[in-house]
Amino acid sequence: MEGLIPLVNRLQDAFAALGQSCLLDLNSVAALPGSSIHQVSIFFNVSRDFLPRGSGIVTRRPLVLQLITAKTEYAEFLHCKGKKFTDFDEVRQEIEVETDRVTGMNKGISSVPINLRIYSPHVLSLTLIDLPGITKVPVGDQPPDIEQQIRDMIMQFISRENCLILAVTPANTDLANSDALKLAKEVDPQGLRTIGVITKLDLMDEGTDAREVLENKLLPLRRGYIGVVNRSQKDIDGKKDIKAALLAERKFFLSHPSYRHMADRMGTPYLQKVLNQQLTNHIRDTLPAFRSKLQSQLLSIEHEVEVYKNFRPEDPTRKTKALLQMVQQFSVDFEKRIEGSGDQVDTLELSGGAKINRIFHERFPFELVKMEFNEKELRREISYAIKNIHGIRQVLPCLFTPDMAFEAIVKKQIVKLKGPCLKSVDLVMQELINTVKKCTKKLATYPRLCEETERIVAGYIREREEKTKDQMLLLIDIQVSYINTNHEDFIGFANAQQRSSQVNKSAVGNQVIRKGWLTINNIGIMKGGSKEYWFVLTAESLSWYKDDEEKEKKYMLPLDNLKVRDVEKSFMSSKHIFALFNTEQR
């Protein structure tokens, strides 16, 4: 099992060299600091100090640190492959230069990691990821949402199930308010992957200690807590040797009355040993699932390789065949999205043929209903149309609108259909363009082919759009050019009346159309002379009464097969004389 950590290190280097993330979720240990200062320095006892230190945010890019046991001591960067750094001051400078190269010179941040490998006889094999601490207030070129950006970066690493979390918290702060523990609890609520590290035990107020925390009683973690004592900034400025710092740390735990009983389970050397052991065990526990996933991806890649095994890029026939296959696949995908038999069904929104269907059956009728209709304005237009048709002649009372006035009003209403019709064409065209863009995503490997396919197909659709609009306008113009009043849809003719009485009788009922005084002259129901009666014209009959109280009905004629014929018009009189005929019996 000793070779597990180096194996994972090589896999991490391979992914990093390819510019890929750890697609296989490689095992690692991520350090969550409680502030913005490098905390990874507490995890090893390299005889050289090489990590940047200072105030404010120091860790501005994740640092993937691979510690490897070796006879000699040197460092290597993945971005400087082949170059060995024996001067650790140069290592610090390279970290700062590489950080500034990506993030800028004014405290910017980036999620692109720096890969550093340390070979030393003073370390145990271990892989650590040092993450930035939470910054509350932006400085320099940092964006206003710097806290959220750092939080998202941290979550990107610690949310992986194969990542052990090292929650670093200073002892002189309230453990319940620890940012590191809070973030760890969000992704590891049971504390199965979290190891607590308590620092700055030597800086606690006199009379206080962290005994309950280190004994795992206050906020229990499955893997417990380990206490360490760091070098202070004064020790670093004074070039205090790391070996001397480790001896001072050991002396502190042995001499402190609250920690001496657990001194063997405290300190940096013990922390290294625990991390090495737990990371190895973690790799061993997750190895079966890791191996299964690796084999699955290997089979998938081998299948892709087999497809291109005999592929010769210089063969023009292969290129032509591949091009035709991709174009044909685009055509099939487009047809499936319109017909509704696609391989992948969108469950989030309507698209393709379903959306076009909705435009035809829901949006277009809605646009028709939404057309402005002012009944008062329409009546005024009808009145003006009738008067304008008569010219200087006096407008006589009539039961029906004159044909010319009727056509003028109807044509104006028909023309209003152009707006909703053209809008529906625009909506359908836009959905077709969106469908084309979705189908060309499979061609993304060939940007130029993707762009040209989209341009050509979209151009063709726009050409069809113009012809569709022209044809639609032509159809409307045809309807406007001739109003067929003999069509059965017009109420007043035999077929229409029969259908109306059968289908819409319950809806129309005996609706009153007009009332007024009517003079009846010398017809069969009278014995000569003339007399005025009060008439009521409904959708079904013409009735007249003795007076306008409508209590005594004199006669009623059903409108079925009833015809009206003008008999006499007088220029000097406002009276209009007409005869009523029944086509079946006079």
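Residues numbered from 1 in each chain as written. Predicted model: local features only at pLDDT ≥ 70, side-chain atom pairs only at ≥ 80, totals over all residues. Heavy atoms only, no water.

A. Molecular detail of the overall build of the protein chain. Counting secondary structure elements, the protein chain contains 16 helices and 15 strands. When each of the 586 residues of the protein chain is scored for burial, the buried share is 37%. A total accessible area of about 36500 Å² is found for the protein chain, and carbon and sulfur atoms account for 53% of it. (Helix = DSSP H or I, 4+ residues; strand = E, 2+ residues; numbered from the N terminus. Buried < 20%, exposed > 50% of the residue type's maximum accessible area, 1.4 Å probe, protein only. Areas by Shrake-Rupley, 256 points an atom, 1.4 Å probe, with all protein chains shown as cover.)

B. Representation of the nonpolar core within the structure. One finds Leu32, Ile158, Leu201 and Tyr259 to be the most contacted residues of the largest nonpolar core, which totals 39 residues. Mapped by element, the contributors of at least two residues to this core are β1 (28–32), α3 (146–158), β7 (163–170), α4 (179–187), α5 (211–214) and α7 (242–255). In terms of residues, this core owes the most to one element, α3, which gives seven residues. In this structure, Tyr259 is in contact with Leu201, Met204, Asp209, Ala210, Arg211, Leu214, Phe252 and Phe253, ignoring residues within four places of it in sequence. (Core = buried A, V, L, I, M, F, W, Y, C linked by side-chain atoms within 4.5 Å. Contact = heavy atoms within 4.5 Å.)

C. How the structure looks around the sheet that holds strand β6 (residues 126–130). The nine strands are arranged β4-β3-β5-β2-β6-β1-β7-β8-β9 in an open sheet whose pairing can be described as mixed. The sheet is open, and its two edges are formed by β4 (84–85) and β9 (225–227), each paired on a single side. Pairing of strand β2 (residues 63–69) with β6 involves five bridges; the strand directions are antiparallel. Following the sheet pairing, Leu65 is matched in β6 by Leu128. Against the sheet, α4 touches β1, β7, β8 (194–199) and β9, its axis set at about 155 degrees to β7. (Pairing = 2+ DSSP bridges. Axes fitted to C-alpha atoms, helices over the stretch in contact; angles between N-to-C directions.)

D. Geometry of the packing of α3 against α4. Viewed as axis vectors pointing N to C, α3 and α4 meet at an angle of 50 degrees, and their least axial separation amounts to 11 Å. Relative to α4, the element α3 lies oblique. Where α3 crosses over α4, the two elements pack in a sense that is right-handed. Contacts between α3 and α4 pair Arg151, Ile154, Met155 and Ile158 from the former with Leu183, Glu186 and Val187 from the latter. Here the residues of the contact of α3 with α4 sort into five nonpolar, no polar and two charged. (Parallel < 35°, antiparallel > 145°, perpendicular 65-115°, else oblique. Left-handed = near helix turned anticlockwise from the far one by under 90°. Nonpolar A, V, L, I, M, F, W, Y, C, P; charged D, E, K, R; others polar.)

E. Representation of the packing of helix α10 (residues 353–370) against helix α13 (residues 418–439) within the structure. Look at α10 against α13: their axes get within 10 Å of each other, and the N-to-C directions meet at 155 degrees. Judged on the interaxial angle alone, α13 and α10 are roughly antiparallel. Classified by chirality, the crossing of α13 by α10 is right-handed. Two secondary-structure elements touch here, α10 through Lys355, Ile356, Ile359, Phe360, Arg363, Phe364, Glu367, Leu368 and Lys370 and α13 through Pro420, Cys421, Lys423, Ser424, Leu427, Val428, Glu431 and Leu432. For the contact of α10 with α13, the per-class residue count stands at 10 nonpolar, one polar and six charged.

F. Spatial organisation of helix α8 (residues 268–307). Remark: the principal bend of α8, roughly 55 degrees, maps to Leu287, with a proline, Pro288, within the next four residues. Among the residues of α8, those classed as buried are Thr268, Leu271, Gln272, Val274, Leu275, Gln278, Leu279, Thr280, His282, Ile283, Thr286 and Phe290. (Bend = angle between axes of the 7 residues up to and from the residue.)

G. Seen up close, the confidence of the model for the protein chain. When pLDDT is averaged along the protein chain, the result is 76; 76% of the residues meet or exceed 70. Of all the helices and strands in the protein chain, helix α16 (residues 505–508) carries the lowest mean pLDDT, 47, while β9 carries the highest, 92. Throughout residues 35–39 the model reports pLDDT below 50, and contacts reaching past four residues in sequence, or to other chains, amount to 21 contacts. In the model, residues 566–573 has pLDDT below 50 throughout and makes 10 contacts with residues more than four positions away in sequence or in other chains. (pLDDT = per-residue confidence, 0-100.)

H. A look at the side chain of Thr440. Mapped onto the elements of the fold, Thr440 is located in the loop between α13 and α14 (447–481). Look past the residues within four positions of Thr440 in its chain and what remains in contact with it is Phe330, Cys450, Thr453 and Glu454.

I. Local environment of the pattern of salt bridges. Within the structure shown, the criterion is met by 19 salt bridges. The residue Arg151 makes a salt bridge to Glu186 at a minimum N-O spacing of 2.5 Å. A residue pair is termed long-range when its members are at least 10 positions apart, and Arg151 in helix α3 and Glu186 in helix α4 qualify at 35 residues. By relative accessible area, which is 26% here, Arg151 ends up partly exposed. With its nearest N and O atoms 3.5 Å apart, the salt bridge here joins Asp477 to Lys418. Of this pair, Asp477 sits in helix α14 while Lys418 is found in helix α13, placing the two residues 59 residues apart along the sequence. (Salt bridge = Lys/Arg side-chain N within 4 Å of Asp/Glu carboxyl O.)

J. Quick peek at the packing of aromatic side chains. All told, the structure shown has six aromatic pairs when counted by the stated rule. Aromatic pair Phe77 and Phe85: ring centres 5.3 Å apart, planes at 85 degrees, arrangement edge-to-face. No difference in accessibility class separates Phe77 from Phe85, as the two residues are buried. Across the ring face of Tyr74, the terminal group of Lys84 is positioned such that the distance to the ring centre comes to 4.7 Å. (Phe/Tyr/Trp six-rings, centres within 6.5 Å; stacked < 30°, edge-to-face > 60°. Lys NZ or Arg CZ within 6 Å of the ring centre and 35° of its normal.)

K. Structural context of the pairing of strand β11 (residues 530–538). Bridge analysis of β11 against strand β12 (residues 541–545) gives four bridges, and the strand direction is antiparallel. Across the sheet, the residue bridging to Phe535 is Trp544, located in β12.

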